[in-house]
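Descriptive analysis of the structure
This is what each chain is made of:
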Amino acid sequence: MWRNKRLYQVLGLLLGMGCFAGAAAAQTASTCADCHGALDAPLQVTAEQFAADIHAQKGLTCASCHGGDPSKADMDAMSKAAGFRGKVERKQVPELCGRCHSDGAYMRQYNPSLRTDQLSQYKTSVHGKRLAQGDTKVAVCTDCHGVHGLRPASDTRSKVHPLNVAQTCSRCHADAAYMKSYAIPTDQFAKYKGSVHYEAMTMRGDLSAPTCTTCHGNHGAAPPGVGTVQNVCSNCHVFQSQLYEKSSHRAAFQKAGLPGCVVCHSKHDISQPSDAKLDGGPEAACMQCHKTGDVCDQARAEILGSLMRLDQAIRNADQVLADAEASGMEVSQARLEQDQARDALTKARVSIHRFQVPPVDQDVQAGLKIAAKNLQAGQDALRERGYRRMGLGVALLSILLVLVGLRLYIGKIEQKAR
Amino acid sequence: MRLLKHVHNWLDERFDWAELTAPLRKKSVPVHGLSYWYFLGGITLFLFGVQICTGILLLLYYRPSASEAFESVQYIMTRVQFGWLVRSIHSWAANLMIFTAFAHMFSVLFLRAYRKPRELTWVTGMILLFLAMGFGFSGYLLPWNTLAFFATKVGTDIAGQLPVAGKWVMIFLRGGEEVTGATLTRFFGFHVAVLPGITTVLVLVHVLLVQKFGISVPPGVEERWKGAPEQAREMKFFPSFFLRELMAWYIALAVLGALAAVSPWGLGTKADPFAAAPVGIKPEWYFLFMFQSLKLIPAKVWFVDGELLGILVFGVAGLLWLLLPFFDGCKGGRGRRLIMGAGMFALGFIVAMTIYGYVAK
């Protein structure tokens, strides 16, 4: 009996501790989700959204942005007395985000490598300047990054992941009705989708390929401007830019107010450059400005001729080497060295940006030399194949003669034995 | 001719040459409609000889290390005078040798040449066939190209699935946990020392057994000859059969030369242990029927691992095949019928699965 009494006491104590723990937990939990999880859009914030949000994962709560006291029940949580700010107005969004994101000391505890100049950059952007002038149609932080369910940019599901940036920008910039008042084109996204950069990004999965923010900036987004286009492109196309710097076109384009690289390559719909840009056809870039037969046109024709000569030489060597390889000849070394010839062709195509014949010709000559050597290797292999087959013919004939001789000999000795 | 006679007399005076070669002169070969199958063993032996000669020549330039193997084979193929011919003949002869060994085995099976007293001739022959496949497996890695590297990886992985000793066998074959330069060195040792040593001894035993018991006459022919002894025909092994065998060797040499000249053995690309395995990688044709079968077995059969079950089935089948002649005398012809049925099934299975293996992606 005494033992049972002690058992009940222990059970009672454990039960009491459990209830206390439950009550304590209820006091610290946010009550926002209780209502906003059940409300309809736009007031709805589901538990799933909140759980996926990077801020929530780092320990921030609804009150961090909206104020209030989530530990209180019902509307008391959203009272002025509790510091509730309610829905953040669009024009206040950058400053609100900047409270933390511009605070280096604060951000360091979460991600020491994260930049904290987004707000100051934003203020220099077209978006930021217009917002300061009272235009609330322009993009603020939440338009690009999202709100409630916001993911880090490294997450492929984030709106600002490199794969999704163009789509995110296009939500406004491809909407002709929305952009009407700004009188700027809205075909950038459509053009970009046909570009070599988009192909590299989406088809080849090259996340370093340029998207909108690569050329325009992200928080400080603005058109590069005619004078700085070259600086933008040169971030990736370093050699082309260095050659262009030394070329006569740089000064000429500057004088004419032409936007550097864009003159020949266009901007959003940049296609894979080909030698056709140098010919007289519809893709020809030179003839937009130059006249047929002038000294520059002659140089263009010469450069084009050199490139085509090397291209043809590489194809010829490839063909002969492929024939030799298909016959089982060992030409792997020459096949490997063909890459050097192809590299020389690429280098020559880059040298075009100097807009002079000699640099291109120098690269072409180097490539021609390699292609000629490889062609020779292929032809040697085919000649060797011929020798081998001739040798085989002689060997087979000799074997046939031996076989006939043996058969005759067998017949002779067997006849003798009989 | 005078010189030959002089040499013959010299040998006869010292070693009693006539006495030594008497068994050869007495030996005869039955002549009937299926006699041409008798050439297969000799052709296999000839191809083994070709392997030894070309293998020794390759050894003059080949370097068995991960950093030099591929380059040395490339050097043989491109720079060494007739190196391409020697290597191509070595590779083609290896494949032809395994093919003729299989054909010889099935011809012996279907002509029932394994019967008493030739059980051990069959057993040594079967071990030689397994050794030939071992030669193929170990030699395939030696050029250290991509296909060889991954085929060895897959092959040794399968060995690693063996129960109890699997892991140990795999590590022993690889010289470590992974296929590396240590594996190459090890396989080179197996290929040029261990396997040739064992094979040479077994070939001698096999040939001596053939010499001891003579050449088997198929049971059907034997019955017919018993009924009509005047129909029984035979030819002297030396010189009649030997010269005909020599003709077969010449034909094999012509085929080898033609294959080497028209389709020199490829080299591929150098093995890169960090690269992904090529898509649809397959072993050499003589392992393909086993490889394809293992692929078709479900991951789990009841509670047993599918691959393990496949390996066990092939292992048991190989052992039974080795001991096949000992089942022939069972219960009034039942064993013989079982062996013929199993032979037909095995031949059909190997051919069908090999073709399927080539066609399947």
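Some words on unusual backbone geometry
Residues and elements named next belong to chain B.
- Omega for the bond connecting Lys116 with Pro117 falls within 30 degrees of zero, at 10°, which places this linkage in the cis form.
- Examined against the element boundaries, Pro117 turns out to sit in the loop between α6 (83-110) and α7 (119-141).
- That bond from Phe238 to Pro239 is cis: its omega, 10°, falls within 30 degrees of zero.
- Position of Pro239 relative to the elements: it lies in helix α12 (residues 237-262).
- Positive phi is not limited to glycine here, since Arg112 has a value of about 55°.
- Looking at the secondary structure, you find Arg112 in the loop between α6 and α7.
- Looking at Arg112, the relative accessible area reads 15%, which means it is buried.

Observations concerning the packing of helix α20 (residues 295-326) of chain A against helix α21 (residues 332-351) of chain A
Residues and elements named next belong to chain A.
- Two elements in contact, α20 and α21, have axes whose closest approach is 10 Å; the angle formed by their N-to-C orientations is 165°. On the basis of the axis angle, α20 is roughly antiparallel to α21. Considering how the two elements wind past one another, α20 and α21 form a crossing that is left-handed. Here Leu307, Leu310, Asp311, Ile314, Ala317, Asp318, Leu321, Ala322 and Glu325 of α20 lie close against α21, whose contacting residues are Ala334, Arg335, Gln338, Ala341, Arg342, Ala344, Leu345, Ala348 and Arg349.
- Its residues assigned to classes, the contact of α20 with α21 shows 11 nonpolar, 1 polar and 6 charged.

As for the side chain of Asp53 of chain A
Residues and elements named next belong to chain A.
- If you trace the backbone, Asp53 turns up in the loop between α3 (47-52) and α4 (54-57).
- For the buried residue Asp53, which engages in no salt bridge, the nearest side chain bearing the opposite charge is Arg151, 8.7 Å off.
- A polar contact is formed between the side chain of Asp53 and the backbone nitrogen of Gly149, at a distance of 2.9 Å.

Structural notes on the environment of Trp37 of chain B
Residue and element names in this part refer to chain B.
- With respect to the element layout, Trp37 can be found in the loop between β1 (28-30) and α4 (39-59).
- On the basis of relative accessibility, which here comes to 33%, the residue Trp37 falls in the partly exposed class.
- With residues up to four places along the chain from it excluded, the contact list for Trp37 reads Ser107 and Leu111.

Side note on the interface of chain B and chain A
- In this complex, chain B contributes 20 residues to the contact, which on the side of chain A involves 19 residues.
- Together chain B and chain A conceal approximately 1,800 Å² of surface at their shared face, both sides included; 70% is due to carbon and sulfur atoms.
- Viewed at the interface, chain A and chain B are joined by 1 salt bridge.
- Linking chain B with chain A are 4 residue pairs in polar contact (both at pLDDT 80 or more).
- Mapped onto the side of chain B that touches chain A, the elements with two or more residues apiece are α5 (69-78) and α12 of chain B.
- Ranked by the residues each element gives to the side of chain B that touches chain A, the list is headed by α12 of chain B, at 14 residues.

Let's talk about helix α8 (residues 146-160) of chain B
All names here are of chain B.
- Along its 15 residues, α8 runs 21 Å from first to last C-alpha, staying within 8% of the 21 Å computed at 1.5 Å per residue.
- Every buried residue belonging to α8 is among Thr146, Ala148, Phe149, Phe150, Ala151, Thr152, Thr156 and Ala159, and all of these are buried.
- Its buried side turned inward, α8 meets α7, α9 (166-174) and α10 (181-213).

Brief notes about the packing of aromatic side chains
Residues and elements named next belong to chain B.
- Taken as a whole and assessed by the stated rule, the structure comprises 27 aromatic pairs over all chains.
- Relative to Trp249, the ring of Phe46 lies with its centre 5.3 Å away and its plane at 20°, an arrangement referred to as stacked. Separated by 203 residues along the polypeptide, Phe46 in helix α4 and Trp249 in helix α12 bring together distant segments of the chain.
- Accessibility expressed as a relative area gives 22% for Trp249, which makes it partly exposed.
- With 5.0 Å between their ring centres and 90° between their planes, Trp92 and Trp265 make a pair best called edge-to-face. Of the two residues, Trp92 sits in helix α6 while Trp265 sits in the loop between α12 and α13 (285-296), which places them 173 residues apart along the sequence.
- By relative accessible area, Trp92 is classed as buried at 19%.
- One cation-aromatic arrangement involves Lys27 over Phe237; the distance from NZ or CZ to the ring centre is 5.4 Å.

Parameters at a glance
Residues numbered from 1 in each chain as written. Chains lettered and ligands numbered in written order. Predicted model: local features only at pLDDT ≥ 70, side-chain atom pairs only at ≥ 80, totals over all residues. Heavy atoms only, no water. Helix = DSSP H or I, 4+ residues; strand = E, 2+ residues; numbered from the N terminus. Buried < 20%, exposed > 50% of the residue type's maximum accessible area, 1.4 Å probe, protein only. Axes fitted to C-alpha atoms, helices over the stretch in contact; angles between N-to-C directions. Parallel < 35°, antiparallel > 145°, perpendicular 65-115°, else oblique. Left-handed = near helix turned anticlockwise from the far one by under 90°. Contact = heavy atoms within 4.5 Å. Nonpolar A, V, L, I, M, F, W, Y, C, P; charged D, E, K, R; others polar. Lys, Arg positive; Asp, Glu negative; His and termini not counted. Salt bridge = Lys/Arg side-chain N within 4 Å of Asp/Glu carboxyl O. Polar contact = N/O pair within 3.5 Å; in protein donor to acceptor, adjacent residues only side chain to side chain. Buried area = accessible area lost by both parts, 1.4 Å probe. Expected span 1.5 Å × (residues − 1). Phe/Tyr/Trp six-rings, centres within 6.5 Å; stacked < 30°, edge-to-face > 60°. Lys NZ or Arg CZ within 6 Å of the ring centre and 35° of its normal.

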